[in-house]
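# Summary of structural features
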Amino acid sequence: MKVLVTGSNGQLGRELQFDCPKDLKLIPLSRQVLDISDKAAVFRAVKKIQPNVIINAAAYTSVDNAEDEHELTFTTNTRGPEILALACKQFDIRLLQISTDYVFDGNKSSPYLISDSVNPINIYGLSKAKAEKIIQKILPNAVILRTASLYANHSKNFVNTMLGMMSKNDQLSIVVDQVGTPTWIETLTKAVFSLVRNESLQGIYHCTDLGVASWYDFAVAIYDEAQLSGLLPDNEKVAINAIASKDYPTPAQRPAYSVLDKSRLQTDLNINLKSWRESLKLAFSKRRERLLDT
Ligand SMILES: NC(=O)C1=CN([C@@H]2O[C@H](COP(=O)(O)OP(=O)(O)OC[C@H]3O[C@@H](n4cnc5c(N)ncnc54)[C@H](OP(=O)(O)O)[C@@H]3O)[C@@H](O)[C@H]2O)C=CC1
Ligand SMILES: Cc1cn([C@H]2C[C@H](O)[C@@H](COP(=O)(O)OP(=O)(O)O[C@H]3O[C@@H](C)C(=O)[C@@H](O)[C@H]3O)O2)c(=O)[nH]c1=O
């Protein structure tokens, strides 16, 4: 099966290349090779490659900058997916769109169901929510896979930001009133490849690790696990202070609660999800092994 991946130099795009099962033929296209907002280029590439599935891992993911960069955000996150859906419709290709917990407003206090209405509270979330709607209209058999707070051992993400800050500062202040579920990239890539293989599946899926954590909880766990696994020296003492979002003003507002209900993914794919803390331990042990190898 031929699988085209857009945005292949990003966090997810890179990991899909590392984790791809041998029997799938992955064709990774970076932004430099294929700009998903260039309709002619997309149609040309899709016609030439004739993939069975397209995984759209391309996106504008800078949540705060999106508040100022409306045009680029909507061109990348809404128009790009629309063009991909149009090309998939014309050439009879399956589309797997990656979406986000930030399509929700965060006003619930129990996990968001796939049937819950979206109501984004920032521009990034709005651009992704619009893409979901447009894709489902053009291509009813598309898969929309929502995930949250992704981290890999490479690329820019909260874990790498925290490790960098912890090695330079003795005090950190992290918001405690925004809760969700951190998700190791390998949890997501497993679900993606399983959805690719299960060709009859369509519609919305939620995929994160299990459990609930505030960004503060996550930062504390990153610190503790980094020390236990030797990624931060024992004598690197960092005080992590829990603060309210109002004391960490950012251009974009973020949902206060964005835990996703994963039951459809667990049932349809028979996937055993791990707790976010267990995944963090695994991610750090892999990181440590690689450091020792080099
Ligand atoms: N990161 C997270 O915490 C979460 C991410 N998601 C979603 O997961 C998906 C993958 O995110 P992630 O890998 O973390 O994001 P990254 O920002 O790491 O990667 C996105 C990639 O898309 C590329 N890109 C940007 N614009 C275009 C374009 N017009 N055409 C083609 N490629 C483009 C970027 O290229 P360049 O590097 O050159 O800018 C980058 O390589 C996205 O859909 C995102 O919305 C969902 C929930 C959480
Ligand atoms: C660096 C830092 C951040 N924070 C806060 C800011 C913010 O509320 C929260 C998370 O910060 P980030 O900017 O890393 O995370 P953010 O970019 O909001 O992460 C989101 O990215 C997009 C792409 C998604 O789709 C979402 O699922 C989600 O993962 O932590 C602190 O409180 N203290 C700090 O020192």
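Within each chain, residue numbers correspond to sequence positions counted from 1 in written order. For this description, chains carry letters from A and ligands carry numbers from 1, given in the order in which they are written. For a predicted model such as this one, the threshold for reporting local features is a pLDDT of at least 70, and the threshold for listing and counting side-chain atom pairs is 80 or more; totals across whole chains, interfaces and linings nevertheless cover every residue. Water and hydrogen atoms play no part in the side-chain values, which are based on all heavy atoms of the structure.

### Considerations on the UniProt feature "domain: RmlD-like substrate binding" (unreviewed entry) in the protein
Rules: UniProt positions are given in the numbering used here, feature names are shortened, and annotations may be inferred rather than shown by experiment. Only DSSP runs of H or I with at least four residues qualify as helices, and only runs of E with at least two residues qualify as strands; both kinds are numbered from the N terminus onward.
According to UniProt, the positions carrying the feature "domain: RmlD-like substrate binding" (unreviewed entry) are residues 1-285. As a span, residues 1-285 carries 39% helix and 17% strand, and end to end its C-alpha atoms are 32 Å apart.

### Comments concerning the site of ligand 2
The cut-off we apply is this: Think of it this way: one heavy atom of a residue within 4 Å of a molecule or strand is enough to make that residue near it. Contacts described as polar in this section are N or O atom pairs within 3.5 Å, which, within protein, must combine one atom able to donate a hydrogen with one able to accept it, while residues neighboring in sequence count only if both atoms come from side chains. Where accessible areas are quoted, they stem from the Shrake-Rupley method and a 1.4 Å probe; at the residue level, only the protein chains shown are allowed to cover. Side-chain classes are defined by residue name, with Ala, Val, Leu, Ile, Met, Phe, Trp, Tyr, Cys and Pro counting as nonpolar, Asp, Glu, Lys and Arg as charged, and the others, Gly among them, as polar.
With respect to spatial proximity, 18 residues lie near ligand 2, and among them T100, D101, Y102, Y124 and R254 are the closest. Between ligand 2 and the protein, one listed contact pairs an oxygen atom with a backbone N or O atom of S149 at 3.1 Å. One nitrogen or oxygen atom from the main chain of S173 is found 2.9 Å from a nitrogen atom belonging to ligand 2. Taking 720 Å² as the accessible area of ligand 2 by itself, protein coverage stands at 82%. Secondary-structure elements contributing two or more residues to the shell around ligand 2 are α5 (158-166) and β7 (171-175). Among the residues making up the shell around ligand 2, the classes are represented as eleven nonpolar, five polar and two charged.

### Quick word on the confidence of the model for the protein
The following threshold applies: pLDDT is defined as a per-residue confidence score from the predictor, taking values between 0 and 100.
With 100% of its residues at a pLDDT of 70 or more, the protein has an overall mean of 97. Across the assembled chains, the prediction reports ipTM 0.98 with pTM 0.97.

### Considerations on the pairing of strand β2 (residues 25-29)
Stated precisely, the cut-off is as follows: One requirement defines pairing of two strands: DSSP has to find at least two bridges between them.
When strand β1 (residues 2-6) meets β2, the two strands line up parallel, connected through five bridges. In the sheet register, T6 faces β2, and the bridge partner there is L29.

### Focus on the sheet that holds strand β10 (residues 203-206)
Cut-off, in case you're wondering: Fitted lines through C-alpha atoms serve as axes, helices being fitted only where they are in contact, and the angles separating the N-to-C directions of these axes extend from 0 to 180 degrees. Should any heavy atoms of two residues lie within 4.5 Å, those residues are counted as being in contact.
Reading across from one edge, β2-β1-β3-β4-β5-β10 is the order of the six strands in this open sheet, with parallel pairing throughout. Strands with a single pairing partner mark the edges of an open sheet, and in this sheet they are β2 and β10. In this sheet, neighbouring strand axes are inclined to one another by 20° on average, regardless of whether the strands run parallel or antiparallel. Packed onto the sheet, helix α3 (residues 70-91) meets β1, β3 (53-56) and β4 (94-100) and runs at close to 160° relative to β4.

### Some thoughts on the pairing of β3
Counted only if it meets this: The classification of residues rests on relative accessible area computed with a 1.4 Å probe and restricted to protein chains. Under 20% of the type maximum is buried, over 50% is exposed, and intermediate values are partly exposed. Seen with its strands pointing away from the viewer, a crossover is right-handed when the path leading from the first strand over the helix to the second is clockwise.
On β3, burial covers both faces: V53 and I55 on one face and I54 and N56 on the other are all buried. The pairing of β3 with β4 spans four bridges and is classified as parallel. The residue of β4 that forms the bridge with I55 is L96. Note that the unit made of β3, α3 and β4 has a crossover that is right-handed.

### Quick look at the site of ligand 1
If you check the shell around ligand 1, you find 24 residues, and the closest are Q11, L12, T61, Y124 and K128. Between ligand 1 and the protein, one listed contact pairs an oxygen atom with a backbone N or O atom of I98 at 3.3 Å. A distance of 2.7 Å is found between an oxygen atom of ligand 1 and a side-chain nitrogen or oxygen belonging to K128. Protein contacts shield 82% of the accessible area of ligand 1, which totals 910 Å² for the unbound molecule. With three residues, β4 is the single largest residue contributor to the shell around ligand 1. The residue inventory of the shell around ligand 1, partitioned by class, reads ten nonpolar, eleven polar and three charged.

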